[in-house]
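Here's the letter readout for the chains.
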Amino acid sequence: MMVRYKILEILKEQTGFISGSSIGEKLNISRAAVAKHIDVLREEGYEISSIQNRGHRFIAEGDILNPNEVDKALTTKFIGREIFSQRQVKSTNDLLKRHAEKGCKDGALCICEEQRLGRGRRGRSWTLEPKAGIAFSIVLRPDFAPELAPNLTLLMGLAVNKALRTLCGAESMIKWPNDIIINGKKVCGILVEMITEERDIKYVICGVGINVSNKEFPDDLKNIATSIYIETGKTFLRKDVLAAVLNNFEELYIAYCESGSFAPFLEEYKADCINIGRELKAVYDNKEIIAVGEDIAADGSLIVRQNDGSLLTLRSGEVSVRGVFQ
């Protein structure tokens, strides 16, 4: 445990003030070092009172997303058990790639407070404002064939959707293959990137962005984006939302690795998928087609029925659903 979080635990154990020298004696550090660590804790969002000649006292904690709080909320075996955290990043996916190349653990997690150049599909950006949402990435080192990796997007969709429904009471749906929507607007995006070595998977980075506490969006986003707060009128701690997603995902991921097939998850996915039975527009073979979502295949592909009655299988690509954000 980092020194500042040891100081935090000491403060939480007290009913009143405790001097910096007393804290320093417990941890074998100077009083000045204690004060510096407490300043960092304040920057992270913890409310701590400090009065000269009396010491320090823990007051409260807000919506804090840091390794200490996330670790306590998780029930996972390996996902999120190594955490990299920075206040501001360009992209959690890119940052975690660098750690993955250095050999970080399977299931390592990257979190941040601000993301400025996060990527969505087709080069779109995903910006994270401070305290409003969650941007995270996890690294996976699966022992299966590369062709099974795309379904990790679908599994993460199931994990996020279940968390939003059970924890938050949101009426969310999955938009195949990589979005979660509520009332026709996007609340979450998923981007999975695979790095291969010859014919094997070296590692997979799964990045997720979730709008949690946003009360409003800029004019260019307000008709296509939403948040958990906007849709439910309730406030949720981001660490609890993140933990619910990761706890769900680990269970699904382990089962997927054991089965080597998406079939065990098929019925649940179809029940949660808004594409089924809806008119949609898709880009296939560099052409735009209008069709109706027919089914999800056992391998996770989307089956659509074209205007001439023929069936077409989409393994990936850009798909929009009528009545849902474009």
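Residues numbered from 1 in each chain as written. Predicted model: local features only at pLDDT ≥ 70, side-chain atom pairs only at ≥ 80, totals over all residues. Heavy atoms only, no water.

*Asks:* An account of the sheet that holds strand E14 (residues 311-314) is needed here, citing residue identities and associated values.
*Replies:* Within the open sheet, the five strands sit side by side as E14-E13-E12-E11-E15. Their pairing is antiparallel. Either end of the sheet is taken by a strand with one partner, and the two such strands are E14 and strand E15 (319-321). Direction aside, the axes of adjacent strands within the sheet are offset by 40 degrees on average. (Pairing = 2+ DSSP bridges. Helix = DSSP H or I, 4+ residues; strand = E, 2+ residues; numbered from the N terminus. Axes fitted to C-alpha atoms, helices over the stretch in contact; angles between N-to-C directions.)

*Asks:* Which residues make up the environment of Leu96, and what are the values?
*Replies:* In this fold, Leu96 is placed in helix H5 (residues 92-101). A sequence separation of 41 residues divides Leu96 from Ser137, and the C-alpha atoms of the two residues are 6.9 Å apart. Every residue in contact with Leu96, bar those within four places of it in the chain, is listed here: Phe84, Cys104, Ala108, Cys110, Ser137, Ile138, Val139 and Ile205. (Contact = heavy atoms within 4.5 Å.)

*Asks:* Explain the pairing of E14 residue by residue, including any values.
*Replies:* In E14, alternate side chains face the same way, and those of Leu312 and Leu314 are buried while those of Leu311 and Thr313 on the opposite face are not. As defined by bridge partners, strand E13 (residues 302-306) adjoins E14 across four bridges and the pair is classed as antiparallel. Bridge pairing in E14 links Leu302 to Leu314. Linkage of E13 to E14, two consecutive antiparallel strands, is achieved through a turn of four residues, within which Gly309 is found at a positive phi near 90 degrees. (Buried < 20%, exposed > 50% of the residue type's maximum accessible area, 1.4 Å probe, protein only.)

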